[in-house]
Amino acid sequence: MNTEEQTYDGLIKACLGAREAILASREAVVVSHVDADGLSSAAIMCTALGRIGIDANPVFFKQLDGSALRSIADLNPNLTIFTDLGSGMIGEISELDIPAVVADHHRPSQAGKHSQIAHINPHLAGGDGSIQISGAGCAYLLARSLSPANKDLAQLAVVGAVGDLQDQSQRRLVGLNRRILSDAQEAGLLAFGPDIRLFGRQTRPVWKMLEYCQDPFLPGLSGDEEACIAFLKELGIRLGGERWRRWIDLDQGEKSRVASALMRHGLRAGLASQRLERLVGEVYTLLLEREGTELRDATEYSTLLNATARYGHSRIGLAVLMGDRDQAFEDAQRLLGQHRQNLVNGIKLVREVGITPMQRVQFFDAGSAITDTIVGIVAGLCFQMADRSKPLLAFADTPDGCLKVSARGTMELVHVGLDLSSAISRSAQAVGGVGGGHNVAAGATIPPHKKMEFLELMDRAIDAQMPRQAKPG
Ligand SMILES: [Mn+2]
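Residues numbered from 1 in each chain as written. Predicted model: local features only at pLDDT ≥ 70, side-chain atom pairs only at ≥ 80, totals over all residues. Heavy atoms only, no water.

Student: A description of the overall build of the protein should follow, citing residues and the corresponding values.
Tutor: If you tally the helices and strands in the protein, you get 18 helices and 13 strands. Against the globule reference of 23 Å for 473 residues, the protein gives a C-alpha radius of gyration of 22 Å, in line with a compact fold. Its C-alpha atoms give the protein principal-axis dimensions of about 65 × 55 × 40 Å. For the protein, the proportion of its 473 residues judged to be buried stands at 58%. The long-range share in the protein, meaning contacts at least 24 apart out of those at least 6 apart in sequence, stands at 65%. On the protein, roughly 19700 Å² of surface is accessible, and the fraction owed to carbon and sulfur atoms is 49%. Side-chain charges of the protein comprise 49 positive and 55 negative groups, with the mean position of each set lying 4 Å from the other. (Helix = DSSP H or I, 4+ residues; strand = E, 2+ residues; numbered from the N terminus. Rg over C-alpha atoms; globule rule 2.2 N^0.38 Å. Buried < 20%, exposed > 50% of the residue type's maximum accessible area, 1.4 Å probe, protein only. Contact = heavy atoms within 4.5 Å. Areas by Shrake-Rupley, 256 points an atom, 1.4 Å probe, with all protein chains shown as cover. Lys, Arg positive; Asp, Glu negative; His and termini not counted. Charge placed at Lys NZ, Arg CZ, Asp CG, Glu CD.)

The following block contains the structure:
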């Protein structure tokens, strides 16, 4: 692997190549992925293009497969800019002769190495797209190469990176993401620093924030509303006056009291200190957004975006990213309420159907009870409470009769050899499906009747990746 500096230089060089193609066109189709990172990427690109008078037409896809590509080719655009997807299909894009720029952070297919398309991807410059930089980060570097004035879009790249969970393994953004972070800070748009890393600091009553704590799962508190209220009362934390107090309403003394009490509680419950450390880390605040709204915090912002995109309402999320604080923001908040309910139901369902262990992987099948667009999020949440020594595979039916698979691993497993991206892309291909992603999280779509065959292939592929001495039996 190259040094960070070399990867950065490689990306900047690729951006300059793409710049020529962009400046030579009057209009462009921006193709992106239906998640928080994809939406942030599209918002960055569309804004940057608009600023130089290029008409941008955004379109979103769940997965960029052959038929998606043909529908893009049918539009016959002068230029197509793929963001947060495209690298896995670079060979097919060039075969279809689509004039294109690709800014993606997923692992490129083999064909990526000898394509003529302007291709911005950290993997091509010896980097790692799973934590170093997101799709939105790549789109941002491209936007900044179009004009330094686009530095104000860096905050959206932070939202995208956080949406792709790139801050999870180290509890802070790392690698090239830190350069983007500095840009956002210099622009005066974003602040970052250590804080409790529970979801809902801006918008939830403190007891509710504790109740929903999943990473780590706190026995005796997570999922138990009354216990959380009692816990806070015992610490002398006032829960509300005119309205429920949120984390942001607590003073510094109260915050550290709660944080250290949570640590003590976790230790007494037998949690390893390594897991407990996850309670605290770096958080990202968008300074121009109103306090107490989802948009003020990068994690809550990205969840709001997922709540639009994952349900076929990408345009609502995109409108919010591009500045709409009226109708689109209201609609997004309404969708967020439904999304939360769906996640709660999803976790309940997984408890009911159970997780089935195999030798090297474990899985659950949600059937049609969890939509394929959020089964990966549910898998991530359930994985916090499950056996973390094996990757978790989650299945869900897609509306068009296929089977969606989402795979989640841990950084500990990646450090000893796990690469879900290569395991899933090969196994899916072997059963007539398509897949890819990152070493720690990946996904695929396969024919439904091939599920068992696919599971066997995955089990064997992961077995081959893991060190011999760690093998059970
Ligand atoms: Mn992404």
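Student: I'd like a rundown of the sheet that holds strand β9 (residues 362–365), residues and numbers included.
Tutor: One open sheet holds the six strands; their spatial order is β8-β9-β10-β11-β13-β12, and the pairing between them is mixed. Strand pairing shows two members of the sheet lacking a second neighbour, β8 (356–357) and β12 (434–437), which therefore form its edges. With four bridges joining them, β12 and strand β13 (residues 441–446) adopt antiparallel strand pairing. Across the sheet, the residue bridging to Gly436 is Gly443, located in β13. On the sheet, helix α15 (residues 375–383) packs against β9, β10 (392–397) and β11 (403–408) and is oriented at approximately 35 degrees with respect to β11. (Pairing = 2+ DSSP bridges. Axes fitted to C-alpha atoms, helices over the stretch in contact; angles between N-to-C directions.)

Student: Could you give me a rundown of the coordination of the manganese ion, with the residues and numbers involved?
Tutor: Of the protein atoms, only Asp37 (OD), Asp84 (OD), His105 (NE2) and Asp164 (OD) coordinate the manganese ion, at distances of 2.1 to 2.3 Å. Between consecutive donor residues of the manganese ion, the sequence gaps follow D-x46-D-x20-H-x58-D. In this pair, Asp84 sits in the loop between β3 (80–83) and α4 (90–95) while His105 sits in the loop between β4 (100–103) and β5 (118–120), placing the two residues 21 residues apart along the sequence. His105 shares its class with Asp84; the two are buried. (Donors = N, O, S within 2.8 Å, 3.2 Å for Na, K, Ca; no water.)

Student: Could you give an account of the nonpolar core, naming the residues involved and the relevant values?
Tutor: Residues Ile22, Ile44, Val101, Ile120, Val158 and Tyr301 are the most contacted members of the largest nonpolar core, which totals 67 residues. No other element matches the nine residues that helix α2 (residues 36–51) contributes to this core. Each of two domains, domain 1 (4–170) and domain 2 (195–344), supplies a minimum of three residues to this core. The contacts of Ile22, once residues within four sequence positions are left out, are Leu49, Ile54, Leu79, Ile81, Val101, Leu142 and Leu146. (Core = buried A, V, L, I, M, F, W, Y, C linked by side-chain atoms within 4.5 Å. Domains from an automatic or database assignment.)

Any functional reading would require information beyond the geometric quantities listed.
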